[in-house]
Structure formats: structure tokens, C-alpha cells
Amino acid sequence: MKLIRLADIDASMTELVGGKAAGLGELINAGENVPDGFCLTVEPYLAGEIPAKDLLAAYERLGGGRVAVRSSATAEDLPEASFAGQQDTYLDVEGERPLIDAVGRCWESLHTERAVAYRAAAGVDEAAMAVVIQRMVDPVAAGVLFTANPITGCRTEMVVDAAPGLGTAIVDGTVVPDHYLLDHRTPAGPATTGCLNRTQLEALRQAGRRLQAHFGAPQDIEWAIDAAGELWLLQSRPITTLFPAPPDTGDTRLYLEFGHIQGLLRPTTPMGVSLLKVGASLWFKAAGASVDPRDPLPRMVPIGGRLYFDLTDFVRAKAMRKRLGASLEVYGPRVRDAVTHVLDDPRFAPRRGLPFRPGAALKMTVRLAPPALFGLARCLIRPEAARARAHRGAAEIRRLTTPPPPTAGSGERLRWVIEDSHKAIMSIDMQGIVWPLMAGIVAGTAPAGLLDGIASGEELDTVLGGMPYNVTTEMDLELWRIAVRAREHGDLFRTTTPEELAARQLAGALPDIGMTTFLRRYGMRAAAEVDVGVPRWAEDPAPLFATIANYLRVDDPAQAPDHRFEQAARKAEAMVETLARRGRRSRPVRGRLAAFLLRRSRELTGLRELGKFAWLPAIQAAREQLLLIGEDLAARGRLASADDVMFLDLRELHAAVHDGRDHRDLIAARRATHERELRRHTVPGALLSDGTDVETLLPAGPVTDGTLTGMAGAAGRATGRARVIRDPSDAHIEPGEILVAPTTDPGWTPLFLTAAGLVTETGSPVAHGPTVAREYGIPAVICVRNATHEIRTGQVITLDGAAGTVRIEADG
């Protein structure tokens with residue numbers, strides 16, 4: 001079929017007529033007012049020849065005269081990518097030869113550099129081009145209507161941008177349009193200025209409500225009003241940039257994103273969220289709390305696959321709300337200011353009562369306080385024995401995490417995942433690990449208060465450099481030693497792709513450089529490793545070989561990671577003595593206590609990573625059992641592949657295993673959503689239930705040319721070329737470059753060893769990234785909004801880790 005009337009098109013025909021034509025056909029079928037026209041399908045494009053005779057005949061049937069010739073690619077107006085402006089449209093085309101030429105230029109626009117780059121970024125491999133030909137509308141006003149606020153994300157607001165005449169000037173950004181804000185639920189009021197009146201605005205509001213209901217999602221609508229006052233709809237497509245809305249609870253609620261504290265900014269799989277909730281509920285049960293088995297942690301809410309905490313009841317609690325600002329310092333200034341802003345919102349007016357049952361909280365405190373005080377004191381008195389207990393606890397957790405035998409069926413495997421996989425790690429004191437970890441945190445943080453006015457933040461950060469007994473830094477340095485051994489094999493590890501090296505490693509076909517032993521100990525790790533849905537290094541060691549290739553570029557002995565780590569340790573030990581002497585002179589009692597804690601921090605603070613490290617065997621073992629269940633269900637035709645289980649939650653998987661429930665359509669939809677969310681680079685830190693990103697409501701901060709402001713992460717200064725990396729799996733970083741990333745977790749830290757500094761968009765001073773940066777002695781600035789967009793690879797930047805600033809010096 002070469003030509004088809006717009007009125008005969010519907011949404012099912014996208015592969016034939018492209019996204020724009022399919023959308024226009026849907027508008028006509030819904031009874032909306034759309035300029036008459038037809039579509040030249042993708043078939044002539046695929047054949048490589050314009051059917052001039054048929055095209056001109058259809059043009060004649062349309063009445064000839066002036067028409068709009070509009071691209072309609074098969075990869076256009078999609079739910080996940082709008083392709084706005086990526087292909088060409090031509091207006092006021094009149095005559096046979098101009099029409100044929102315009103169609104040819106629309107075809108060519110599919111292959112422009114910008115269109116090809118956009119498709120690549122959107123994960124679209126191929127596309128074909130159809131072309132829409134419509135009667136021209138002569139508008140007195142035209143523009144764009146968004147049925148949700150595209151800036152704030154608010155789903156209860158509509159935004160109208162309008163200008164006299166054609167709307168192309170708005171889309172092209174060549175005029176400053178009249179801007180109107182409408183409420184979904186309230187009729188439009190009188191327009192005080194601009195080219196639209198109250199009647200026209202209300203017509204647009206009603207059209208927006210109809211189209212959002214028809215398409216089932218917020219819409220980006222192009223429209224025009226002619227001299228007779230008639231409203232014409234020229235296009236309707238999903239607003240693709242909106243962050244997913246929170247679940248509708250019937251109440252206005254505030255959600256705080258907390259995954260970035262663990263370096264988890266990418267979406268978590270549904271199974272990952274489900275296992276986190278079930279696993280954590282075991283600890284709360286052990287502590288004496290009551291847990292609802294239907295939703296073990298109701299305040300942990302997945303939104304867009306990210307982990308959010310429902311903070312509403314704490315914001316509204318009269319007794320607690322004033323203390324929230326200080327308690328949220330750990331989340332960074334952006335989130336803290338957003339929550340403070342919400343305190344003035346009347347929808348979050350204070351109420352009496354507490355967000356928890358005081359009796360249950362008291363019971364838990366009585367149960368935990370005595371062992372906590374005893375445990376902390378014992379660890380601070382005998383730190384060496386405390387470290388030994390902590391490592392015995394980690395070994396005991398691994399020993400007790402015993403999966404079912406190979407002969408077990410899927411039902412038994414699932415029961416083990418739900419009931420037993422986290423039983424050891426979620427004991428009340430995590431088999432003795434908790435108190436040494438807490439003692440290390442106290443020893444590492446308390447001196448700042450004791451030495452206030454005596455020691456600077458940079459000096460205190462120096463004390464944390466080259467910190468011993470940290471399993472993550474030990475892992476990174478072991479990987480460096482593997483890279484040193486890899487040098488003996490010439491260019492094998494320099495020139496072979498990480499993927500090929502990984503395949504050879506798994507096949508046992510690589511020289512022994514120590515990787516097998518490394519994977520035996522650390523193969524349970526990965527970027528975003530708390531998500532059971534993420535493959536481990538033991539399954540895919542390619543990221544490790546990419547890091548080894550980076551290490552092999554280090555040719556300056558002074559930049560060798562082990563040398564830098566030892567140098568940071570020597571500086572730290574010297575600074576401990578300096579601050580101890582200074583503290584005793586200025587404040588004899590507090591100074592001596594601070595000196596004691598500084599020395600204990602060197603013996604205990606490195607243990608802070610051990611708790612998560614001890615948790616990973618449970619996640620890895622649960623993953624292995626879930627994949628075995630997936631293999632069984634796939635063999636029985638209930639799943640398409642084994643890892644489809646990661647797109648179900650535990651209750652849904654139970655129904656598939658025991659009731660034969662077929663979830664394949666649900667899994668396909670969730671997998672597509674997950675893939676789309678993986679490409680999202682910005683995640684709201686504080687989100688209202690109407691979809692509003694609270695940070696967008698804050699006043700803009702002071703603007704300084706070339707300087708980005710964030711939060712101090714690790715003290716120090718560095719100047720170097722930036723390397724922007726969004727995924728560590730195949731990252732390339734040259735020695736001395738400054739790593740710029742959305743976030744980091746232990747799976748990223750091998751990249752730190754040769755970096756000159758670290759810049760992240762999210763984070764917390766106590767998160768993994770800045771903590772490890774301090775231990776390596778490299779400066780870090782965190783919570784730099786849009787850093788991976790504002791900074792480009794190759795630019796020379798200077799970061800000041802104490803001041804929390806990044807200055808862009810020059811382009812590369």
C-alpha cells in the first residue's frame with residue numbers, strides 16, 4: 001500500500017505509516033478536528049522511488065493548492081522518544097514539482113547527522129520514512145499544549161505556549177511565546193495578556209483532557225486556531241521526558257530518593273526491589289517490629305525503578321519536622337533544600353502525632369541500646385579483636401548462606417530465596433559485624449565536633465586517606481596487582497576487547513594472571529550490586545578487563561595506585577599526630593579524646609564497607625536460585641528467557657511457579673520500561689505525588705561563569721581533563737583524568753585508582769564514592785547538578801573538594 005487517507009489510519013499501523021501519521025489517524029478517529037490529508041507510506045521509501053503519478057493524483061484529490069509536507073518516521077512520536085525536530089517538515093508547498101521535491105527532502109532528513117545520533121541515543125537501530133501531506137491551516141495563533149508541566153513534571157498542570165501566526169517559530173525557538181498555566185480540574189480564567197482569550201484557552205484545556213484520556217498518558221500537542229476561531233489539532237505525541245509519576249494514593253505525598261546513597265541511580269529491577277523489601281523485613285522482625293507480609297516495607301516505594309522513601313508522615317509530624325533539615329544533610333544540599341521548601345506547603349501542614357508507634361520504637365530501643373553501648377565500647381577498647389570478630393561474622397554469614405541442593409525443584413528454590421537467603425545477614429547484629437562497623441563510623445566522625453575550630457575539614461579528610469582494612473580498596477589494589485602481572489603478556493590485555501577477554505576467561509583460555517582467584521573472592525560484585533537483577537562479575541568479568549586496560553596505561557611509577565595509596569596512608573598517620581598535639585594544647589580533655597578516636601579511626605573506619613560486602617553472598621546466591629527457577633519456567637514455556645524472572649516480584653513468581661500463571665506480556669512491558677529508564681540521566685531527588693520534581697520549584701542559585709557548585713566530598717584540589725562516564729562496564733579513562741559520573745558505588749571504584757579526582761551528580765559524604773576517594777587521597781565534589789551534561793570529555797577542569805566547586809578552565 002503506497003498511499004492511504006489519514007482518516008483510514010489508526011495506531012496499529014505505525015510500521016506502515018510512521019508515528020506522526022498514526023497519531024493523526026488516532027486524532028481523527030477520536031473525533032478531533034484535524035486538517036484533511038493523506039500519507040505516503042514507507043513502502044515507496046523502502047523501494048527507493050517516489051511514486052510521482054500516484055502522489056500527484058492524491059494531491060489533486062485533496063484539492064491541490066498549499067499543503068504541509070511532514071516527515072513521519074517509524075521511529076517517531078514513540079512513548080520513549082519523541083524525535084521532535086529530528087526529521088524535516090515543509091510548509092506552504094504548492095505545485096507538483098515542489099511537492100515531489102519536498103517528499104524527497106523528508107526522506108533524506110532521516111539520515112542527517114542529528115537524526116542518526118538521536119536514534120542511537122534512544123536505542124533505536126533502524127527506521128523507515130513515511131510522509132504526511134495535509135491541507136495548510138492559516139492560523140491567527142498557534143503553538144504547543146503540554147497536558148503535564150514539562151519543566152516541573154506536575155501532572156495537574158497544563159502548559160500552553162502560543163504565538164501569533166504559524167507555530168513553527170515556537171518549535172524552532174526563534175520567538176518568545178506567550179506562556180499560560182492551566183489547571184486540569186479548573187476552567188481557564190481570563191487571560192490578562194497574550195494572543196489567546198479565555199474561550200480559546202478553555203478549548204485547549206478541554207482538548208488536552210480529552211487527548212490525555214484517549215491516549216492514556218500526558219501529551220505534547222501542536223495546535224492552530226484560524227481566523228474563524230476554529231481549533232485544529234496538528235499532532236499529539238507522548239511527553240517523553242517526564243519522570244514516571246508515583247502511585248496514586250489519593251493524598252499529596254513527598255518521596256525522597258535514597259538509592260543514590262548506595263550509588264544506585266539506575267533503575268532497580270522489580271525482583272531487586274522485592275528481594276530488598278523481603279530481606280530487610282527479616283531484620284525488622286528480629287528487632288521486634290511488626291511487618292506486613294503483603295508489603296514488608298511500605299515506606300520504600302519504587303518509582304521509575306528508583307528507590308524512594310515516603311517522607312510524608314515525617315514532614316507532617318509537628319514534633320519532628322523542624323529537625324528534618326539537619327538530618328537530611330547526608331543527602332546533599334539539593335535534597336535538603338527541596339524538603340525545607342515543602343515545609344511551607346499548606347498540603348504538608350503540621351499535625352499531631354508521630355509517624356511511628358512510640359511503644360514499638362521504645363521496645364526496639366530497649367532491645368538494641370544495651371548491646372550497642374557494650375559493643376561500641378568493647379570495639380573502641382580492643383580494635384584488633386573487633387576487626388577479627390567482624391571478619392569472623394562475615395565468614396559465618398557466607399557459611400550459613402547455603403542454597404538448596406541441585407536436585408531441588410523450583411518451589412523449594414523459591415521458598416529458600418524468600419525465607420532463608422537473607423536469614424544470616426539480617427540477624428540483629430549481623431553475626432557480630434554491626435558494632436565494629438558502628439565503632440569505626442563513630443571514630444571517623446566524632447573528631448570533627450571535638451576539634452571544631454582547631455582542625456579544618458581538609459585536615460580531617462587527610463586522616464581518612466590510605467585507610468587500611470577496607471575490603472573495597474583491598475579489592476581495587478588486588479586488581480591493580482593483576483594488571484601488573486598482565487604486563488608480562490605483551491599486548492594481549494591491551495588490544496583485545498574486554499568482551500573477548502571475558503569470554504576467554506570464562507572458557508579457561510586466558511593465561512593465569514590471578515583473575516580466577518580474584519573472581520572467587522570478588523565475583524559477587526558489580527555496579528548496582530544490591531540489585532539481584534544485575535549480572536555479577538563472575539558472570540561477566542568484561543568490566544574488570546576494561547579496568548585492567550586502563551591500568552596498563554599508567555607509565556609513571558609515581559601514579560601507580562599502590563604508591564598513591566601508601567603515600568595517602570603516610571600523610572594520614574602524620575596528620576593524626578599533628579592534630580593530636582594541636583588538640584591537646586588547645587583543649588586538653590577534648591583534645592585527648594579526639595586523639596584517641598583519630599587513632600581508632602585508622603583501625604576501625606575501614607570496616608565500613610564490610611557490612612555490604614557480607615551481604616553480597618546472599619544476593620548472589622539468591623540470584624543463582626532465581627535464574628535456575630527461570631530456566632525451569634522457560635523450559636516449560638512460561639518465560640521467554642531465564643532472566644525474565646528479574647522482571648517479576650516474588651509474589652508474582654510464586655504464582656508462576658505454583659499456579660502456572662503466565663506473566664510474559666507483563667514481563668515484556670516491564671523490560672521495555674526498564675530499558676527506557678536505563679537511558680534516563682536525571683532523577684528527581686524529592687518528588688511529589690502529582691509528579692512535581694521539588695527541586696524545579698526552588699529559586700535559581702547564584703550563577704558564576706564556568707563554575708559549578710556541589711558539595712564537598714573529599715578534600716583536595718586537582719586540575720585535569722574530564723572524562724564523562726555514565727556506565728563503568730566498558731569505561732576508558734586515562735591516568736590523571738578527572739572522572740565525571742552520575743553516581744558511583746563499589747563497582748565503580750576500580751576506576752578511581754588512576755583518576756586525579758571525582759565529580760558526581762548525586763551522592764553523600766558517607767556514600768561509597770567519596771569515602772573511597774578520601775581513602776585514595778583524591779579530591780571529590782558531589783551533588784553537582786547535571787555535571788555529566790555541563791562538563792564534556794576533554795575539557796580541562798579544576799575541582800576543589802573542600803569548597804565543593806568545579807571550574808571549567810578550557811575546552812579540550
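Reading the values: the criteria
- Along each chain, residues carry numbers from 1 onward, in the same order as the chain's sequence is written.
- Predicted model: local features are reported for residues with pLDDT of at least 70 only, side-chain atom pairs are reported and counted for 80 or more only, and whole-chain, interface and lining totals are derived from all residues.
- For the side-chain quantities, the full set of heavy atoms in the structure was used; hydrogens and water were omitted.
- DSSP calls a pair of strands paired once it identifies at least 2 bridges connecting them.
- Working definition: helices are DSSP H or I runs of at least four residues, strands are E runs of at least two. Numbering for both runs from the N terminus.
- Axes here mean lines fitted to C-alpha atoms, for a helix over just the part in contact, with angles spanning 0 to 180 degrees between N-to-C directions.
- The contact criterion used is simple: two residues touch if any of their non-hydrogen atoms lie within 4.5 Å.
- Only protein chains enter the accessibility calculation, which uses a 1.4 Å probe. A residue is then buried if its area is under 20% of the maximum for its type, exposed if over 50%, and partly exposed in between.
- In this analysis, rings of Phe, Tyr and Trp, with Trp reduced to its six-membered ring, are considered paired at centre separations within 6.5 Å, and the interplanar angle assigns stacked below 30 degrees, edge-to-face beyond 60, and tilted for intermediate values.
- Over a ring means this: the NZ of a Lys or the CZ of an Arg is within 6 Å of the ring centre and within 35 degrees of the ring normal.

Here's the deal with the sheet that holds strand β12 (residues 300-303)
Here 4 strands make up an open sheet; going across it, the order is β12-β13-β11-β14 and the pairing antiparallel. Edge positions in the sheet fall to β12 and β14 (686-688), since each has one partner strand and no second. Adjacent strand axes in the sheet meet at a mean angle of 40 degrees, parallel and antiparallel pairs treated alike. Across 4 bridges, β12 lies against strand β13 (residues 306-310) in antiparallel orientation. Paired with M300 across the bridge in β13 is F309. Seen against the sheet, helix α11 (residues 333-342) touches β11 (254-257) and β14 and runs at an angle of roughly 170 degrees to β11.

Points about the pairing of strand β3 (residues 67-73)
Burial within β3 is extensive, with 7 of its 7 residues counted as buried. Every second residue of β3 is oriented toward a common face, with V67, V69, S71 and A73 on one face and A68, R70 and S72 on the other, all of them buried. Sheet topology note: the β3/strand β4 (residues 89-93) ladder contains 3 bridges and is antiparallel. Residue pairing for β4: V67 is matched across the bridge by V93. In this structure, β3 lies alongside strand β5 (residues 129-135), joined through 7 bridges in antiparallel fashion. Bridge pairing links R70 to V132 in β5.

Observations regarding the packing of aromatic side chains
Two aromatic rings, taken as a pair, are described by how far apart their centres are and by the angle between their planes. Taken as a whole and assessed by the stated rule, the structure comprises 10 aromatic pairs. With centroids separated by 5.4 Å and ring planes inclined at 90 degrees, the aromatic side chains of W283 and F284 adopt a geometry described as edge-to-face. Here W283 falls in the partly exposed class, since its relative accessible area comes to 22%. Grouping aromatic residues by their ring pairs yields a cluster made of F518, Y522, W537 and F613. Between R105 and the ring centre of Y90, over which it is positioned, the NZ or CZ distance is 4.3 Å. Across from the ring centre of Y469, 3.9 Å away, lies the NZ or CZ of R387, which sits over that ring.

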